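Letter by letter, the chains look like this.
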Amino acid sequence: MDKQRIYVAGHRGMVGSAVVRRLEALGGCEAIGRTRAELDLVDQTAVAEFFRAEQIDQVYLAAAKVGGIHANNTYPAEFIYDNLMVECNIIQAAHAAGVDKLLFLGSSCIYPKLAPQPMAEEVLLTGPLEATNEPYAIAKIAGIKLCESYNRQYGRDYRSVMPTNLYGPNDNFHPENSHVIPALLRRFHQAVQSGAAEVVVWGSGKPKREFLHVDDLAAAAVHVMNLPAATWQAHTQPMLSHLNVGTGVDCTIRELAETVARVTGFTGRLVFDSGKPDGTPRKLLDVAKLKALGWQPRILLEEGLQDAYQWFLANQDRFRG
């Protein structure tokens, strides 16, 4: 029997590269990837031609335009347009080429800003979104609804998972545009290198956040993709079909900073600048549905941070500046 040809859109990104690692570790398939120079996913004609030529069996849709608060606020048009176009082009081209199985990878930012904690799948579209990343969130919600619509009209098996805050190899450690874990790992590393006596952390340290290693997400994604259709349908609804992916456990930013200090070997003082904004007090996903489907994370936070830090040490020349 020929190996399944699986297209991983965004195969060089943090999420896509983790999916490729997982697929290669399991074997029995051929992971297909294309760089942006080889295939512009915003180009509808090019994407359609790719699917017609490559005889793809499955798709993991991990490609996206992503960024922090500054990028989302500065380029809202690009964030909504590019992400919508990528999703529309890939999902329609996959359908037209007869691809029956696709997994769309979204984000927990799809949920209302003031959603009850932990956030269950059912709170989607029940309130206003966080204003700073609304364009990105709208695009991700559209991706879920695209999958559901192709399932309802054409009988496709297109599924969606919404991960919590991710970290790990191939994360963005840029000094200005990175998220909290790579930012802290870099800051504490530099403090150790310079012999600094203290590290300043923005905010009070009291907000709570949930973090998932990207290799755990990849394992969850492959698990969900390979669930029998009857099992999937028994745990979802046609118009509420996405699943949360997380640990179901959170920690304070203070606890995170203390763990990063241990991982990087920083022994100085932690200073919390309460004059800086804290953001939402808590963001935690309800992961009961995914656990009921037989999956749970394996990588503990400190172990995962060690892995992310070692990757940064081996690749820090990419992030000079």
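Residues numbered from 1 in each chain as written. Predicted model: local features only at pLDDT ≥ 70, side-chain atom pairs only at ≥ 80, totals over all residues. Heavy atoms only, no water.

### Here's the deal with the side chain of asparagine 315
Working step 1: Along the chain, the position of asparagine 315 falls in helix α11 (residues 301-315).
Working step 2: In this structure the side chain of asparagine 315 is engaged in a polar contact, spanning 2.7 Å, whose partner is the backbone oxygen of tryptophan 311. (Helix = DSSP H or I, 4+ residues; strand = E, 2+ residues; numbered from the N terminus. Polar contact = N/O pair within 3.5 Å; in protein donor to acceptor, adjacent residues only side chain to side chain.)

### Describing the packing of helix α6 (residues 180-194) against helix α9 (residues 253-264)
Working step 1: Remark: α6 packs on α9, axes separated minimally by 9 Å, with the N-to-C direction vectors making an angle of 45°. Comparing their axes, α9 and α6 come out oblique. Seen along the crossing, α6 lies across α9 with a hand that is right-handed. Each of Val180, Ile181, Leu184, Leu185, Phe188, His189 and Val192 in α6 lies in contact with α9, whose residues at this interface are Leu256, Ala257, Val260, Ala261, Val263 and Thr264. (Axes fitted to C-alpha atoms, helices over the stretch in contact; angles between N-to-C directions. Parallel < 35°, antiparallel > 145°, perpendicular 65-115°, else oblique. Left-handed = near helix turned anticlockwise from the far one by under 90°. Contact = heavy atoms within 4.5 Å.)

### Quick look at the pattern of salt bridges
Working step 1: Overall, the coordinates contain 14 salt bridges when judged by the stated rule.
Working step 2: One connected set of salt bridges, linked through shared partners, spans Arg5, Glu30, Arg34 and Glu54. (Salt bridge = Lys/Arg side-chain N within 4 Å of Asp/Glu carboxyl O.)

### Digging into the packing of α6 against α11
Working step 1: The contact between α6 and α11 brings their axes to 11 Å, and the two run at 65°. As for how α6 packs across α11, the hand of that crossing is right-handed. Contacts between α6 and α11 involve Ile181, Leu185, Arg186 and His189 from the former and Leu305, Ala308, Tyr309, Phe312 and Leu313 from the latter.
Working step 2: Residue classes in the contact of α6 with α11 are distributed as seven nonpolar, one polar and one charged. (Nonpolar A, V, L, I, M, F, W, Y, C, P; charged D, E, K, R; others polar.)

### Points about the environment of arginine 21
Working step 1: Locating arginine 21 in the fold gives a position in helix α1 (residues 14-26).
Working step 2: For arginine 21, a relative accessible area of 31% gives the class partly exposed.
Working step 3: As a C-alpha pair, arginine 21 and threonine 35 span 14 residues in sequence and 17 Å in three-dimensional space. (Buried < 20%, exposed > 50% of the residue type's maximum accessible area, 1.4 Å probe, protein only.)

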